[in-house]
Amino acid sequence: MIDLIFVTSTLAFFVIASAYIAGCERLRGGKPNA
Amino acid sequence: MTTNGWLQIAVFFGLVLAAAKPMGLYMARVYEGKRTWLDPVLTPIERLLYRLSGIDSNVEMRWTQYCSAMLLFSLATLLLTYGVERLQHVVALWNPQHFPAVEPYLAWNTAVSFTTNTNWQAYVPEQTMSYFTQMFGLATHNFWSAAVGMALAIAFIRGIARREMKTLGNFWVDLTRGTLWILLPLCVVYALALVSQGVVQNFRPYDTATLLEKQSITSTGADGKQVATAVATQTIAQGPVASQEAIKMLGTNGGGFFNANSAHPFENPTPLSNLMQMFSIFLIPGGLCVTLGQMVGSRKHGWAVFAAMSVLWFAGVLTCYWAESQPNPLFHGVDQHVGALASGGNMEGKEVRFGIANSALFATITTDASCGAVNSMHDSFMPLGGMVTLANIHLGEIVFGGVGAGMYGMLVFVILTVFIAGLMVGRTPEYLGKKVNAYDVQMAMLYFLIFPVFILGFSAIAVLSPGLGTSSLSNHGPHGLSQILYAYTSAAGNNGSAFAGLNANTHWYNSTLAITMLAGRFLMIVPMLAIAGSLAAKKIAPASLGTFPVDNSLFTALLTGIVVIVGALTFFPALSLGPILEHLLLRAGTSFS
């Protein structure tokens with residue numbers, strides 16, 4: 001069970017980081033991966 | 001301080017200086033895809049790897065794609081390492097001590113630690129990790145995380161060098177070329193050199209030696225009472241150490257095969273191996289300054305950045321060596337002066353074979369460079385000596401810094417420096433002909449803010465939580481604060497060295513330090529690459545009388561000043577309550593147990 005929590009937490013962090021990339025790109029006025 | 005000590009420090013720096021140009025020019029050729037003498041051997045391997053993994057090496061990536069590829073790679077390798085640790089008891093291969101699975105909190109902390117190039121170790125390696133885990137789970141990360149850092153630095157340099165382009169290169173190509181052409185060849189030679197000095201390299205079970213004289217060891221039992229145990233044998237750990245030691249230092253990873261790290265005679269047996277280890281920490285970061293100059297077409301700019309890093313390094317080693325050479329004021333009636341039979345100064349926590357100069361130098365280098373390997377215990381340094389190790393990381397690990405990470409961190413400081421220089425003369429700031437706009441500075445500010453938010457935030461929570469943070473301390477008062485501050489600083493700076501004295505193998509510290517490591521690596525990389533992408537798309541304006549030159553001593557001085565001011569404004573209050581207060585109280589005759 002605890003393994004699942006850590007794997008999920010890791011995935012969640014990287015999803016947040018991906019959203020963060022998109023946010024930084026939008027701030028510049030571009031579209032992510034456009 | 002002795003003449004001999006200063007001579008050894010001078011020899012070290014002379015080696016770094018001499019190696020920077022050939023190393024930097026070679027790395028520039030590798031990343032620009034130019035011909036090298038290793039091509040006949042490595043190019044077929046490179047092509048095979050691309051074919052097997054379906055990578056088109058001609059495809060260029062925007063910063064968002066480059067960053068996403070880096071994140072994906074890091075996520076996959078992190079989970080792989082977590083799995084290896086959790087299943088090491090199942091994999092009988094190279095587990096002669098029959099170690100059980102690594103406990104989940106510790107396994108996650110360690111997987112994050114090695115993925116982020118931190119190599120924070122909340123465990124005793126020779127009592128926890130099988131040879132398979134050490135080699136396949138951890139040493140591989142030493143290569144990958146270092147190659148990722150180098151690739152990111154090259155991407156930033158391309159951002160500066162390119163004009164009106166949307167791409168920064170191909171992450172997979174940079175990762176592969178950095179590993180094959182730079183890290184692997186150097187490590188093969190380096191590991192053999194370490195073996196020649198006595199670093200062990202085997203897969204044998206641990207040796208057991210019978211002591212000539214039985215020892216009595218006193219420990220605290222479960223009921224809190226003192227228990228005396230007679231010991232007649234000693235276990236001597238073995239393992240594939242040299243192969244891991246080479247990349248540990250060269251990749252500024254720092255995670256030791258043994259708990260004592262580079263203070264262990266099997267990891268760092270001789271004065272020559274010690275010099276090699278210190279030199280190899282700065283080899284790639286120093287060379288990257290020359291790579292910068294070469295790739296952006298201004299070699300003088302690369303040397304100006306190298307000079308700024310050198311000034312900051314020298315200030316650190318001067319202060320640390322001076323502090324450690326001072327007698328401890330609480331030792332009354334003890335001769336602490338330098339003599340034929342005594343090293344003088346503070347020898348607590350230091351190897352006699354390395355002495356004060358090489359311990360202070362190693363500590364300064366390892367904290368400058370985000371390495372984290374240690375040949376002495378920083379917790380036992382005098383308060384101001386310990387403060388140097390803390391402050392080095394607080395500057396952002398940009399004094400040569402981690403492989404790649406130091407370079408891109410320093411380049412974000414360069415952006416800030418040209419911005420402030422522009423404000424001072426009332427002109428639009430330019431960096432090598434590219435106008436630095438609001439977006440670039442916003443991203444730079446984001447980069448700088450993430451670092452202290454996690455260090456100071458988690459430190460504050462730990463200090464205020466007796467059940468979570470302070471229960472792990474071995475010292476109270478300002479030294480205890482330093483222990484907690486150092487742990488989060490080391491994690492956010494992806495350094496990995498420990499101040500020791502703090503039991504970090506608890507659920508609280510394993511979890512929060514892992515979060516801090518992830519944030520200190522990936523949440524800082526994103527805005528850094530955003531700046532690189534922004535710079536790559538810009539036109540290059542011709543230099544005019546109002547252009548701030550970035551290749552002279554004025555630039556070096558301003559860059560150095562900005563680094564120090566940003567670090568001091570952010571962390572001086574915390575340092576004043578930790579090592580500075582401890583120093584003052586020590587002079588007044590107070591210590592904290």
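1. Remarks on the overall build of chain B
The helix and strand inventory of chain B stands at 17 helices and 6 strands. Its C-alpha atoms give chain B a radius of gyration of 24 Å, within 12% of the compact-globule value 25 Å for 593 residues. Counting only C-alpha atoms, chain B reaches 75 × 60 × 50 Å along its principal axes. When each of the 593 residues of chain B is scored for burial, the buried share is 59%. Put simply, 79% of the contacts in chain B that link residues at least 6 apart link residues at least 24 apart. Carbon and sulfur atoms make up 66% of the accessible area of chain B, which amounts to about 22300 Å² in all. Taking the 28 positively charged and 26 negatively charged side chains of chain B as two groups, their mean positions are separated by 13 Å.

2. Quick look at empty space enclosed by the protein
Residues and elements named next belong to chain B. Taken as a whole and assessed by the stated rule, the structure comprises 4 cavities of 30 Å³ or more. Put simply, the largest cavity is a space of about 170 Å³. Lining the largest cavity are 17 residues, and of these Ala-405, Tyr-408, Gly-493, Asn-494 and Gly-520 lie nearest its centre. Elements supplying a minimum of two residues to the lining of the largest cavity: helix H13 (405-425), helix H14 (438-463) and helix H16 (507-536). By residue class, the composition of the lining of the largest cavity is 6 nonpolar, 9 polar and 2 charged. Estimated volume of the second largest cavity: approximately 60 Å³. In terms of residue count, H13 provides more of the lining of the second largest cavity than any other element does, 4 residues in total.

3. A short note on the packing of aromatic side chains
In the structure shown here, the tally under the stated rule is 38 aromatic pairs over all chains. Geometrically, the ring pair formed by Phe6(A) and Tyr105(B) is edge-to-face, given 5.1 Å between the ring centres and 85° between the ring planes. Taken as a pair, Phe6(A) in helix H1 (residues 2-28) and Tyr105(B) in helix H4 (residues 104-115) lie in two separate chains rather than in one. An angle of 50° between the planes, with centres 6.4 Å apart, marks the rings of Tyr131(B) and Tyr206(B) as tilted. Of this pair, Tyr131(B) sits in helix H6 (residues 131-161) while Tyr206(B) sits in the loop between helix H7 (171-197) and strand E3 (207-220), and the two are 75 residues apart along the sequence.

4. Topic: unusual backbone geometry
Residues and elements named next belong to chain B. Although it is not a glycine, Glu-397 adopts a positive phi angle of roughly 55°. In this fold, Glu-397 is placed in the loop between helix H12 (383-394) and H13. We classify Glu-397 as buried; its relative accessible area is 4%. Unusually for a residue other than glycine, Leu-432 sits at a positive phi of about 50°. Along the polypeptide, Leu-432 turns up in the loop between strand E5 (430-431) and strand E6 (434-435).

5. Focus on the side chain of Glu582(B)
Residue and element names in this part refer to chain B. Note that Glu-582 resides in helix H17 (residues 553-587). Here Glu-582 is buried and forms no salt bridge, its nearest opposite-charge partner Arg-587 lying at an N-O distance of 11 Å. When neighbours within four sequence positions are excluded, Glu-582 is seen to be in contact with Pro-383, Pro-478 and His-479.

6. Re the pairing of strand E4 (residues 226-236) of chain B
Residue and element names in this part refer to chain B. As paired elements, E3 and E4 share 10 bridges and run antiparallel to each other. Counted as the bridge partner of Gln-215 is Val-231 from E4. The antiparallel pairing of E3 with E4 creates a hairpin that spans 5 residues between the two strands, and Gly-224 there sits at a positive phi of about 85°.

7. Quick word on the nonpolar core
All names here are of chain B. Formed by 190 residues in total, the largest nonpolar core has its most connected members in Trp-63, Phe-156, Ile-182, Ile-284, Trp-313, Met-410 and Leu-529. Broken down by element, the residue count for this core peaks at 19 residues, all from H16. Other than its neighbours up to four places away in sequence, Leu-529 contacts Trp-63, Tyr-66, Cys-67, Leu-152, Ala-155 and Leu-168.

8. Remarks on the pattern of salt bridges
Oppositely charged side chains may form a pair once their charged atoms are brought near each other. Residues and elements named next belong to chain B. Summed over the entire model, instances satisfying the criterion amount to 13 salt bridges over all chains. A salt bridge links Lys-248 to Glu-245; its shortest N-O distance comes to 2.8 Å. Of the two residues, Lys-248 and Glu-245 are both situated in helix H8 (residues 241-250); the distance of 3 residues between them amounts to about one turn of the helix. Note on accessibility: Lys-248 and Glu-245 belong to one class, buried. Here Lys-350 and Glu-324 are joined by a salt bridge, their closest N and O atoms 2.6 Å apart.

9. Description of the domain arrangement of chain B
In terms of domain boundaries, chain B breaks down into domain 1 (3-203 + 239-587) and domain 2 (207-236). Between the C-alpha centres of domain 1 of chain B and domain 2 of chain B there is a distance of 38 Å.

10. Some words on the interface of chain B and chain A
The interface is formed by 31 residues belonging to chain B together with 18 residues belonging to chain A. Both sides together, the interface formed by chain B and chain A hides about 2300 Å², and carbon and sulfur atoms give 74% of it. Across the pair Asp3(A) and Arg86(B) runs a salt bridge, and its minimum N-O distance is 2.7 Å. In this assembly, chain B and chain A are joined by 6 residue pairs in polar contact (both at pLDDT 80 or more). Where the side of chain B that touches chain A is concerned, the elements lending two or more residues are helix H3 (63-86), H4, H14 and H16 of chain B. The dominant element in the side of chain B that touches chain A, judged by the number of residues it contributes, is H3(B), at 12 residues. Of the residues that constitute the side of chain B that touches chain A, the class distribution is 22 nonpolar, 7 polar and 2 charged.

11. Quick look at the packing of H12(B) against helix H15 (residues 477-492) of chain B
Residues and elements named next belong to chain B. For the pair H12 and H15, the least separation of the axes is 9 Å and the interaxial angle reads 35°. Crossing geometry of H12 relative to H15 is assigned as left-handed. Facing Thr-389, Leu-390, Ile-393 and His-394 of H12, the residues of H15 in contact are Leu-485, Tyr-486, Thr-489 and Ser-490. Residue composition of the contact of H12 with H15, by class: 4 nonpolar, 4 polar and no charged.

Conventions and cut-offs
- Residues numbered from 1 in each chain as written.
- Chains lettered and ligands numbered in written order.
- Predicted model: local features only at pLDDT ≥ 70, side-chain atom pairs only at ≥ 80, totals over all residues.
- Heavy atoms only, no water.
- Helix = DSSP H or I, 4+ residues; strand = E, 2+ residues; numbered from the N terminus.
- Rg over C-alpha atoms; globule rule 2.2 N^0.38 Å.
- Buried < 20%, exposed > 50% of the residue type's maximum accessible area, 1.4 Å probe, protein only.
- Contact = heavy atoms within 4.5 Å.
- Areas by Shrake-Rupley, 256 points an atom, 1.4 Å probe, with all protein chains shown as cover.
- Lys, Arg positive; Asp, Glu negative; His and termini not counted.
- Charge placed at Lys NZ, Arg CZ, Asp CG, Glu CD.
- 1 Å grid on protein atoms, 1.4 Å probe; cavity = no way out; pocket = protein on both sides within 12 Å on 5 of 7 lines; lining within 4 Å.
- Points joined across faces, edges and corners; volume = space filled by probe spheres on them.
- Nonpolar A, V, L, I, M, F, W, Y, C, P; charged D, E, K, R; others polar.
- Phe/Tyr/Trp six-rings, centres within 6.5 Å; stacked < 30°, edge-to-face > 60°.
- Salt bridge = Lys/Arg side-chain N within 4 Å of Asp/Glu carboxyl O.
- Pairing = 2+ DSSP bridges.
- Core = buried A, V, L, I, M, F, W, Y, C linked by side-chain atoms within 4.5 Å.
- Domains from an automatic or database assignment.
- Buried area = accessible area lost by both parts, 1.4 Å probe.
- Polar contact = N/O pair within 3.5 Å; in protein donor to acceptor, adjacent residues only side chain to side chain.
- Axes fitted to C-alpha atoms, helices over the stretch in contact; angles between N-to-C directions.
- Left-handed = near helix turned anticlockwise from the far one by under 90°.

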